[in-house]
Amino acid sequence: KAPWGTAERQWMAARLKRCVVRRRDGPEQHGVAASCLRELRDKACGVLAIEKAREPITLVLAEDGTIVDDEDYFLCLPSNTKFVALAKDEKWSGKSLDSGTSWLSESVDEVDSAAEKWKQLARQLKDDLSNIILMSEEDLQVLIDVPCSDLAEELAQSETKIQVLQDTLQQVLDRREEERQSRQLLQLYLEALKTEDTILSKVAEPEAAPRKEMDVVDTGTSSTDTSATTALSNQVLTALKEKPAPELCLDSQDLELVLKEDAAALASALGWDKQKAGALQAACDQELSKRLKQVQTLHSLRSTSKGKKTLPWGDWPSAKRKK
């Protein structure tokens, strides 16, 4: 047969779905491209070295252990979905490494269950309400999803005051989402302007100009260096790569770690150029400074009302939760 042309290769690539597979008790993960469930099972057995005697394997979602055995459901899953391959007689366990986020974290003391996590976050609020500002979006959502009665019992407050607190948490979360959407729109606008300028400049350039431009592009792609190491966890690096405004979803401790990183090492770890990594650190620095100023403002307001014996739970402005 004649070798495939560009159109045939593009058509085949469009049919393939990128997936990530690993064993039940192993942190090592492999990228696999498959067009159907059967092909994914076969490739998973190969890259994970599963013996024939332990087949057929069962594929489950690493996030929650959902068994994926329907072809249509598989086709509906997004690209880069993470799967756990279970050999014969193996079962998925949420407390092991099968959690969708556990293989992205390097912390040994990570909270084992959602119940323990929200209680830990609640204790932070009990110590100081201004910790709301320093929390990540994930932490805020955890506290919002906790039943009002349970959170009230943990904080030793009335359900009315806890409802006001959860409304405030939702406001903080909504404000960060609005900021993210605004930055996305601005980025799209700037990219549109850049594209328009590029088209206009190409029209005005002589015929020799495109060849020079290609030379510049070709030399730029060979400078990628991923050998540098970074102290950031895989979870933070994933957020920096995938989130449109990662500085809004990270907590303040992670923001400080990003700022401490060398710009060149950060750029290499993310596969970006140094200028883009520097812009990311500047955005993290701005977000961290804003949060610290908010905390300082709350502390100064609190110091002016020393007559109050307890934390000002009732002083938070009540607002209806946005749907």
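Below: a short report on this structure. (Residues numbered from 1 in each chain as written. Predicted model: local features only at pLDDT ≥ 70, side-chain atom pairs only at ≥ 80, totals over all residues. Heavy atoms only, no water.)

Residues Leu125, Ile132, Leu140, Leu143, Leu151, Ile162 and Leu165 are the most contacted members of the largest nonpolar core, which totals 20 residues. Residue assignment for this core shows that the elements contributing at least two residues are α4 (114-127), α6 (137-145), α7 (148-155) and α8 (159-204). By size, the runner-up hydrophobic cluster in this structure holds 19 residues, among which are Leu48, Leu61, Val68 and Phe83. (Core = buried A, V, L, I, M, F, W, Y, C linked by side-chain atoms within 4.5 Å. Buried < 20%, exposed > 50% of the residue type's maximum accessible area, 1.4 Å probe, protein only. Helix = DSSP H or I, 4+ residues; strand = E, 2+ residues; numbered from the N terminus.)

What follows concerns the sheet that holds strand β1 (residues 17-23). Read from one edge to the other, the open sheet built from four strands follows the order β2-β1-β4-β3, with strand pairing classed as mixed. Edge positions in the open sheet fall to β2 (29-34) and β3 (58-61), since each of these has one partner strand only. On average, adjacent strands in this sheet sit at an angle of 40 degrees to one another, irrespective of strand direction. Alignment of β1 against strand β4 (residues 81-86), held across five bridges, turns out to be parallel. Looking across to β4, one finds that Arg23 is bridged to Ala85. Set on the sheet, helix α2 (residues 37-47) makes contact with β1, β2, β3 and β4; between it and β2 the angle comes to about 145 degrees. (Pairing = 2+ DSSP bridges. Axes fitted to C-alpha atoms, helices over the stretch in contact; angles between N-to-C directions. Contact = heavy atoms within 4.5 Å.)

What follows covers α7. Each turn of an α-helix holds 3.6 residues, which means side chains three or four residues apart point in the same direction. Among the residues making up α7, those that are buried are Cys148, Leu151, Ala152 and Leu155. Burial along α7 is one-sided: seen end-on, the buried residues are contained in an arc of 100 degrees. At the C-terminal side of α7, Ala156 shows a positive phi close to 60 degrees. (Arc of directions from axis to C-beta.)

This part covers the pairing of β1. For β1, the buried fraction is high: five of the seven residues fall into the buried class. Here six bridges tie β1 to β2, and the two strands are oriented antiparallel to one another. Among the inter-strand pairings, Val21 is bridged to a residue of β2, identified as His30. If you look at the hairpin formed by β1 and β2, you'll find five residues sitting between the two strands.

Turning next to the pattern of salt bridges. The full count for this structure, using the stated rule, is eleven salt bridges. Here Glu90 ties to Arg23 by a salt bridge, and the two come within 3.0 Å at their closest N and O atoms. With Glu90 in the loop between β4 and α4 and Arg23 in strand β1, the pair connects residues that are 67 residues apart, well separated along the chain. The closest approach of N and O atoms between Glu90 and Arg54, which form a salt bridge, is 3.3 Å. One end of the pair, Glu90, is in the loop between β4 and α4; the other, Arg54, is in the loop between α2 and β3, and 36 residues separate them in sequence. A single salt-bridge network, built from bridges that share partners, covers Glu179, Glu287, Lys290 and Arg291. (Salt bridge = Lys/Arg side-chain N within 4 Å of Asp/Glu carboxyl O.)

Before going further, it helps to spend a moment on the packing of aromatic side chains. With the rule as written, the count across this model stands at one aromatic pair. If you follow Lys17 out to its NZ or CZ, it ends over the ring of Phe74, 5.7 Å from the centre. Its guanidinium or amino end placed over the ring of Trp272, Lys276 lies 4.3 Å from that ring's centre, counting from NZ or CZ. (Phe/Tyr/Trp six-rings, centres within 6.5 Å; stacked < 30°, edge-to-face > 60°. Lys NZ or Arg CZ within 6 Å of the ring centre and 35° of its normal.)

We now examine the layout of surface pockets. Taken as a whole, the second largest pocket holds about 600 Å³ of empty space. If you go around the second largest pocket, you meet 19 residues; those closest to its centre are Gln187, Pro244, Ala245, Pro246 and Lys276. Those elements giving two or more residues to the lining of the second largest pocket turn out to be α8, α10 (234-242), α11 (246-249) and α14 (274-303). Of all the elements, α8 adds the most residues to the lining of the second largest pocket, at six residues. Residue classes in the lining of the second largest pocket are distributed as ten nonpolar, three polar and six charged. The two domains that each donate at least three residues to the lining of the second largest pocket are domain 2 (113-189) and domain 3 (232-296). (1 Å grid on protein atoms, 1.4 Å probe; cavity = no way out; pocket = protein on both sides within 12 Å on 5 of 7 lines; lining within 4 Å. Points joined across faces, edges and corners; volume = space filled by probe spheres on them. Nonpolar A, V, L, I, M, F, W, Y, C, P; charged D, E, K, R; others polar. Domains from an automatic or database assignment.)

In helix packing, the relevant descriptors are the interaxial angle and the interaxial distance, both defined with respect to the helix axes. At a minimum axis separation of 10 Å, α10 and helix α13 (residues 263-270) run at an interaxial angle of 80 degrees. On the basis of the axis angle, α10 is roughly perpendicular to α13. Contact residues: Leu237, Leu240 and Lys241 in α10; Leu266, Ala269 and Leu270 in α13. (Parallel < 35°, antiparallel > 145°, perpendicular 65-115°, else oblique.)

Here the focus is a nonpolar patch on the surface. Taken together, the side chains of Leu186, Tyr189, Leu190 and Leu193 make up a nonpolar region of the molecular surface, amounting to roughly 380 Å² of accessible area. Positionally, Tyr189 belongs in helix α8. (Patch = residues over 30% accessible without salt bridge, like charges linked within 9 Å, V, L, I, M, F, W, Y side chains within 5 Å. Areas by Shrake-Rupley, 256 points an atom, 1.4 Å probe, with all protein chains shown as cover.)

So, on to the environment of Asn80. Along the polypeptide, Asn80 turns up in the loop between α3 (71-76) and β4. In this structure, the C-alpha to C-alpha distance between Asn80 and Lys17, residues 63 residues apart in sequence, is 7.7 Å. In this structure, Asn80 is in contact with Arg18, Cys19 and Val20, ignoring residues within four places of it in sequence.

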